[in-house]
Amino acid sequence: MARERSEEDQTTEGVQPEALADEHTTATDEAVSAEIEDPSAAEREQAEEALHEEAESADALHDEIIKLQEQLAVQKDIALRAQAEEQNARRRAQQDIDRARKFAVEKLLQDLLPVVDNLERALATIDSADESNKALVEGIELTHKSFVDTLTKNSVEVVDPAGEPFDPELHQAMTQIPNGEVEPNTVLEVFQKGYRLNGRLVRPAMVVVSKAP
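The structure displayed is predicted, hence computed values, not measured ones.

A. View of the overall build of the protein chain. Helix and strand content of the protein chain: five helices and six strands. Secondary structure elements in the protein chain, listed N-terminal to C-terminal, are α-α-α-α-α-β-β-β-β-β-β. Expressed as a percentage of the 213 residues in the protein chain, the buried residues total 15%. When the accessible surface of the protein chain is summed, it comes to about 16,300 Å², and 53% of that surface belongs to carbon and sulfur atoms.

Below is the structure:
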């Protein structure tokens, strides 16, 4: 027994460390090779299907993102249009309010203008040189001035174009008279004054216009 153990020890002692390491590496490689096996056809098919499904899922997600972005752009456009329409409606409403304020007295003005016309006709027909008419003339003049001042405070302008060129936008020609002393289409006489309210014509001036002899 002692002799056999001594022979084994001598055998072991006679083996070089490099040989032992090579034997260990070879054994390890064989063990790893035994553990790693090639996948079967079914396993490869399952892996390919899984990859295909993941690719389809990614494509579907990308399409959904694009669709949501398009919907967001549409909603933004709708919101901007609604905002613009609201601003336009507010502006139109404000314009209507301003217009109503500017021309709210137009109907009243049309009713008052004949009163002013009558006062002017009265002053034109009364003999102001007659002392007996002095108080009457002063009274009518004060009344007329009060009317005119009130109209001016309410943005009413008098259109009195005597001697000016005829303007069809502001004047209404009653007749034409040949006259070589002035240019044709000059206002020779004003039958009735015109009036504008905040720049808008309420009543044209009725005039006599010159023409070439």
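B. Just helix α4 (residues 106–125), in detail. Between its first and last C-alpha atoms α4 spans 29 Å; for 20 residues at 1.5 Å apiece the expected length is 28 Å, and the two agree. The sharpest bend along α4 measures roughly 25 degrees and falls at L112, with the proline P114 sitting one to four residues further on. Buried within α4 we find E106, L109, L113, V116, D117 and L119. On its buried side, α4 packs onto α3 (41–103), α5 (134–153), β1 (156–159), β3 (187–192), β4 (194–197) and β5 (200–203).

C. A look at a negative patch on the surface. A contiguous patch of negative charge on the surface is contributed by E45, E48, E49, E53, E54, E56, D59, D63 and E64. Checked against the element boundaries, E54 lands in helix α3.

D. How the structure looks around the sheet that holds β3. With mixed pairing, the three strands of this open sheet are ordered in space as β2-β6-β3. The strands lining the two open edges of the sheet, one partner per strand, are β2 (171–178) and β3. Taken pair by pair, the neighbouring strands of this sheet meet at an average axis angle of 25 degrees, ignoring direction.

E. Focus on the pairing of β5. Bridging between β4 and β5 involves three bridges; their strand directions are antiparallel. Residue pairing for β5: Y195 is matched across the bridge by R203. Between β4 and β5, which follow one another and run antiparallel, lie two residues, and N198 among them has a positive phi close to 50 degrees.

What counts, and where the lines are drawn
- Residues numbered from 1 in each chain as written.
- Predicted model: local features only at pLDDT ≥ 70, side-chain atom pairs only at ≥ 80, totals over all residues.
- Heavy atoms only, no water.
- Helix = DSSP H or I, 4+ residues; strand = E, 2+ residues; numbered from the N terminus.
- Buried < 20%, exposed > 50% of the residue type's maximum accessible area, 1.4 Å probe, protein only.
- Areas by Shrake-Rupley, 256 points an atom, 1.4 Å probe, with all protein chains shown as cover.
- Expected span 1.5 Å × (residues − 1).
- Bend = angle between axes of the 7 residues up to and from the residue.
- Contact = heavy atoms within 4.5 Å.
- Patch = residues over 30% accessible without salt bridge, like charges linked within 9 Å, V, L, I, M, F, W, Y side chains within 5 Å.
- Salt bridge = Lys/Arg side-chain N within 4 Å of Asp/Glu carboxyl O.
- Lys, Arg positive; Asp, Glu negative; His and termini not counted.
- Charge placed at Lys NZ, Arg CZ, Asp CG, Glu CD.
- Pairing = 2+ DSSP bridges.
- Axes fitted to C-alpha atoms, helices over the stretch in contact; angles between N-to-C directions.

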